[in-house]
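# Remarks on the overall topology
These are the residues of each chain, in order.
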Amino acid sequence: MLKEDNPFLKAWRKGLKSVALVYPNRYVGGISNIGLQYIYAEINSREDFVCERFYLDVFNGLRSVESGRSLKDFDIAFFSLQYEEDYFKAVRILKKSGFKGLKVAGGPCCMLNPKPILRFFDAFVIGEVENSRVIDYILEAKSKEDLAGIEGIYTGLEDRVRRIKPKKLDFHLKQQIIGEGAYGRCVLLEVGRGCVRHCRFCVVRQIYSPPRWRDVKLLLEVAEAYKGVVNKIALIAPSVSDHPKIKELIAGLVEMGFMVSPSSIRADTVDDELMELLVAGGLKSFTIAPEAGSERLREILKKGISEEDVLNAAKIAREKGIMSVKLYFMIGLPTETEEDIHEMIELVRKVREIIPKVSVSINPLVPKPHTPFQWLPYTGFKNVREGMIELNRRSKLIRKELSKMAEVSIEKVDSFALQTILSRGEEDVADLIDMGRATLKAAEKLGLLKYLEEIPVDRVLPWDFIDHGYKKERLIKEFEAIM
Ligand code: SF4
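Residues numbered from 1 in each chain as written. Predicted model: local features only at pLDDT ≥ 70, side-chain atom pairs only at ≥ 80, totals over all residues.

### Notes on the sheet that holds strand β13 (residues 232–236)
- Taken in spatial order, the 3 strands make up an open sheet running β10-β13-β14, and their pairing is parallel. Where the open sheet ends on each side, the last strands, each with one partner, are β10 (187–190) and β14 (259–262). This sheet shows a mean twist of 25 degrees between the axes of neighbouring strands, independent of strand direction.
- With 4 bridges joining them, β13 and β14 adopt parallel strand pairing. Among the inter-strand pairings, K232 is bridged to a residue of β14, identified as M259. (Pairing = 2+ DSSP bridges. Helix = DSSP H or I, 4+ residues; strand = E, 2+ residues; numbered from the N terminus. Axes fitted to C-alpha atoms, helices over the stretch in contact; angles between N-to-C directions.)

### So, the nonpolar core
- Judged by nonpolar contacts, the single largest core of 144 residues is most densely connected at L21, F78, L189 and I233.
- Excluding residues that lie within four positions of it along the chain, L21 makes contacts with L36, I39, Y40, C51, R53, F54 and F78. (Core = buried A, V, L, I, M, F, W, Y, C linked by C-beta atoms within 7 Å. Buried ≥ 20, exposed ≤ 12 C-beta atoms within 10 Å, placed from the backbone. Contact = placed C-beta atoms within 7 Å.)

### Focus on unusual backbone geometry
- In this chain, S209 is followed by P210 through a cis amide linkage whose omega measures -10 degrees.
- Topologically, P210 is positioned in the loop between α7 (204–207) and β12 (212–213).
- Unusually for a residue other than glycine, T379 sits at a positive phi of about 85 degrees.

### As for the sheet that holds strand β4 (residues 102–106)
- Reading across from one edge, β2-β1-β3-β4-β5-β6 is the order of the 6 strands in this open sheet, with mixed pairing throughout. The sheet is open, and its two edges are formed by β2 (49–55) and β6 (153–154), each paired on a single side.
- Two strands pair when backbone bridges link them, and strand β1 (residues 17–23) and β2 are joined in this way by 7 bridges, in the parallel orientation. In the sheet register, V19 faces β2, and the bridge partner there is C51.

### Digging into the environment of S261
- Structurally, S261 is set in strand β14.
- Classification of S261 as partly exposed rests on a count of 19 C-beta atoms within 10 Å.
- C-alpha of S261 to C-alpha of G282: the two residues are 21 residues apart in sequence and 7.7 Å apart in space.
- For S261, the residues in contact, after removing those within four places along its chain, are Y183, C186, K232, A234 and L235.

### Brief notes about the packing of helix α13 (residues 338–354) against helix α14 (residues 384–402)
- Put simply, α13 and α14 touch, their axes get as near as 10 Å, and they point 25 degrees apart. The orientation of α13 with respect to α14, classified from their angle, is roughly parallel. The hand of the α13/α14 crossing is right-handed. Together, I341, I345 and V348 of α13 and R394, L397, I398, E401 and L402 of α14 make up the contact between the two elements.
- Class assignment for the residues of the contact of α13 with α14 results in 6 nonpolar, no polar and 2 charged. (Parallel < 35°, antiparallel > 145°, perpendicular 65-115°, else oblique. Left-handed = near helix turned anticlockwise from the far one by under 90°. Nonpolar A, V, L, I, M, F, W, Y, C, P; charged D, E, K, R; others polar.)

These figures capture arrangement, not role.
Structure follows, in structure tokens:
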């Protein structure tokens, strides 16, 4: 039984139109997603509608949390697609449930490239729905055709779709469901969207532009209402510590008696004062994402974090009593050599000399749509097969060296290849999703390994039809600068 505060328990009556909000992954992730909480509250605030939630690990995603009703009994299903791997689970839920109503999907995957899942849904939301009429249109629609041509919606019938977004974040969700989520039992405070940085591998800068921050006064007001209800606040944003008044915000929350959990802190924003505030807010372990081991590769990534920043943040953290740190790196970066891998190992060793407990998480790079890396071959090697063999060898080397001094987790080269196919593919990727076989072997049989190859810059890309407001020439320039 889920222990939740504040769910809407709306009585069903005749004539009520029903919306299923489906998160095809675990409850802990779904309940920590403030965008979903917004849609849920928005639909339930309307008299003639009821919205109930579905999670993969609650009734296998086939019955709702609130009333236990079957998905097939709902009029509209709204799926949130946060990760490409969830495509398989989403389609399995759709098939098993026998759902026949209007199928809509939203989330970052749809904003990047909905083509691989176009076959399974009637419409996709491209953008952020607040302050738009997109939810109204979806609730009124009976078919895909009813939604065709509407701003911020892609049905497969449009040649071009412009992303929608609120200009200012001068609002915040007030009534939240409090459940046991990724940050524990807490209130979510979304401090901002987008990012002021320019990391070349990252989709945030592209699909959530421009960077927008919420006012500290508004955020503190939202938190104030939860005094005595929860003791923890999670701060949500792609780069929380870039908020221009982050210290004032954390100080205000700590003063109200809250523990504060930030979703991310950039190493180069850490100073004594910020770390003291974070420790006062209950921070026990600290996360740094250098992404690459060598200065040279970090420059290619445009990460803007130096080795000095990383070591300085570690020193400050240690001085303020933090005993454990987590480091994030990627492998398979363009122009990466074994020397860069040795520099990564060396950097971890230096951090380990400062902080007693170090854990390291390593992912192969997925060259994501809409970023300057979108044309890269997976693994960074022109010959992708050889690149995958080499990345596996590098993973082994890293594990051997790092496990002497840190806890290491390295994601599989094959799984991230599959993620690349799901991310950069065309409509034919739907055959793989339809089979429900999330393996590279199955992708190979269907001839989908082509999506791992380098893409010529003059080719029309499956996701070019989405207008995120950037100029493709800029991406080409940045791509050519790294090669
Ligand atoms: S700082 Fe983080 S969120 Fe911002 S562009 Fe870089 S990786 Fe993306």
